[in-house]
Amino acid sequence: MAAQIQASSSPSPHPPKSIKSISRSPALTSIPPAYIFPSSPPHPAADQSAPVGQIPTIDFSPLLSSSPDRRSETVADLRAACRDWGFFVVTNHGVPDGLIAAMIEAGRKFFEMAEEEKEEYRGGEKGVLEPIRCGTSFNSSVEKVFCWKDFLKAFVHPVFHSPSKPPGFSQVLEEYSKRTREVARELLRGISESIGLEPDHIAKKLDLEQGMFQLLAANFYPPCPQPELAMGMAPHSDHCLLTLLTQNGIDGLQVQHHGNWVDVRNLSPNSFLVNVGDQLEILSNGKYKSVLHRAMVNREATRISIAMAHGPSLDSEVAPSPELLGEDEGTTQLPAYKGMKYRDYLLLQQSKQLDGKSGLDVVRA
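Residues numbered from 1 in each chain as written. Predicted model: local features only at pLDDT ≥ 70, side-chain atom pairs only at ≥ 80, totals over all residues. Heavy atoms only, no water.

The name an unreviewed UniProt entry assigns to the protein chain is Fe2OG dioxygenase domain-containing protein, from the organism Linum tenue. Here is the UniProt Sequence similarities (unreviewed entry) comment for the protein chain, exactly as written: "Belongs to the iron/ascorbate-dependent oxidoreductase family." (UniProt positions renumbered as here; feature names shortened; annotations may be inferred.)

Written out as structure tokens, the structure is:
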């Protein structure tokens, strides 16, 4: 898919400000050419539909248990989920249902604001490193085909940034980011243990206690008159360690598993979808791989997703952990990736159009 995008025509000279405005045009019966993803057939249906019961599910609560046996079982479940899928559902995480619902509603209210009210958050001298920015597609300044979505991104840790509107947004986001950060930290402790490292190894190596980078990425996918031609987000992997995602009850996410696209359906509103990101693939020397995923759109309903990306401190250099290299059961494990500062990787991946896992190609040894 990504290669086809690159082969299409030159970027539009006038990137749109909002897909919301386009989608609500009374005269809209077909999508503008700049939103048509070249493919034949356009988008084959997912190879299989995966109810949540078929995707690995991790009960979070044993990670906090005083019972070593219960924790050990969950660590083993994490190992299997990260190794076999790179993607799993987390339940019993302790983040209140009301807070999750409030965050989704806050995101909806932001996107429903008039475009001129959001103008102060567009662009900026720092580009993709601007702490608060909103826009459309993924990176409309360089894309040849636009994604059918609007977005809001905000850096929420180690320094908290938030739009000042709509009213109450900042307060909800601050509490939500704190609670999801706690879940991510504990999951990373379990994942560190699952790969044969000390529970605190990842946190210490990448300065997660004080410097963990946390990013809000809120996405708005309005109804599309020709969903078979468009895409909410092209196939990509995430730049971080772990992403925690929730949504407003409308499906659209697809995950690549064993080369097939799998629909993620019927997610419980009080659970999180979690996926392995590129930095965890690098640190684990490929034992756990980041997962390709994409967002599809539909004719009838607006999908809103709230993703929280959790990464190393921006100044941390991420490289394969030395403890995972050397002799392993008679096989010499050489580093599969070169080290790179997370800030540089983030800038690299976010400054171009989505292209699968191409960011990792730069750091392969």
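A. Highlighting the environment of Ser-192. Take Ser-192: it is sitting in helix α5 (residues 169-194). In this structure, the C-alpha to C-alpha distance between Ser-192 and Val-75, residues 117 residues apart in sequence, is 9.1 Å. In contact with Ser-192, not counting residues within four places along its chain, are Leu-197, Glu-198, Pro-199, His-201 and Ile-202. (Helix = DSSP H or I, 4+ residues; strand = E, 2+ residues; numbered from the N terminus. Contact = heavy atoms within 4.5 Å.)

B. A look at the packing of helix α3 (residues 68-84) against α5. The contact between α3 and α5 brings their axes to 8 Å, and the two run at 80°. Comparing their axes, α5 and α3 come out roughly perpendicular. Every residue of α5 that contacts α3 at Arg-71, Val-75, Leu-78, Arg-79 and Cys-82 is listed here: Glu-186, Leu-187, Arg-189, Gly-190, Ile-191, Glu-193 and Ser-194. Residue composition of the contact of α3 with α5, by class: 5 nonpolar, 2 polar and 5 charged. (Axes fitted to C-alpha atoms, helices over the stretch in contact; angles between N-to-C directions. Parallel < 35°, antiparallel > 145°, perpendicular 65-115°, else oblique. Nonpolar A, V, L, I, M, F, W, Y, C, P; charged D, E, K, R; others polar.)

C. Examining the side chain of Ser-177 more closely. With respect to the helices and strands, the residue Ser-177 is situated in helix α5. Accessibility expressed as a relative area gives 2% for Ser-177, which makes it buried. In this structure Ser-177 touches Val-156, Phe-160, Gln-214 and Met-308, once residues within four positions along its chain are discounted. (Buried < 20%, exposed > 50% of the residue type's maximum accessible area, 1.4 Å probe, protein only.)

D. Molecular detail of the pairing of strand β9 (residues 253-257). Burial analysis of β9 places 4 of its 5 residues in the buried class, the great majority of the element. With 3 bridges joining them, β9 and strand β12 (residues 293-295) adopt antiparallel strand pairing. The residue of β12 that forms the bridge with Gln-254 is Arg-294. Where β9 meets strand β10 (residues 260-265), 4 bridges bridge the pair, whose relative direction is antiparallel. Counterpart to Val-255 in the pairing with β10 is Val-262. Here β9 hands over to β10 after 2 residues, with His-258 in that stretch at a positive phi of 55°. (Pairing = 2+ DSSP bridges.)

E. Representation of the nonpolar core. Phe-88, Leu-152, Leu-187 and Leu-216 are the most contacted members of the largest nonpolar core, which has 71 residues in total. Per element, the largest residue contribution to this core is 8 residues, and it comes from α5. Aside from chain neighbours lying at most four places away, what touches Leu-216 is Leu-152, Lys-153, Ala-154, Val-156, Phe-169, Leu-173, Ile-306, Ala-307 and Met-308. (Core = buried A, V, L, I, M, F, W, Y, C linked by side-chain atoms within 4.5 Å.)

F. Empty space enclosed by the protein, seen in detail. One pass over the full model with this rule turns up 5 cavities of 30 Å³ or more. Of the volumes computed, that of the largest cavity is approximately 360 Å³. Along the wall of the largest cavity there are 28 residues; nearest its centre are Met-233, His-236, Asp-238, His-293 and Ala-307. Contributing elements (two or more residues each) for the lining of the largest cavity: β6 (213-221), β7 (233-236), β8 (242-247), β11 (272-276), β12, β13 (303-311) and α9 (342-350). Taken together, the residues of the lining of the largest cavity sort by class into 13 nonpolar, 10 polar and 5 charged. (1 Å grid on protein atoms, 1.4 Å probe; cavity = no way out; pocket = protein on both sides within 12 Å on 5 of 7 lines; lining within 4 Å. Points joined across faces, edges and corners; volume = space filled by probe spheres on them.)

G. Main features of unusual backbone geometry. Between His-157 and Pro-158 the backbone carries a cis peptide bond, its omega angle lying at 10°. With respect to the secondary-structure elements, Pro-158 resides in the loop between β5 (150-157) and α5. Put simply, Lys-165 and Pro-166 share a cis peptide bond, and its omega is 0°. Within the chain, Asp-207 stands out as a residue other than glycine whose phi angle is a positive 55°. By the secondary structure assignment, Asp-207 is in the loop between α6 (201-205) and α7 (208-211). Note on Asp-207: relative accessible area 36%, which makes it partly exposed.

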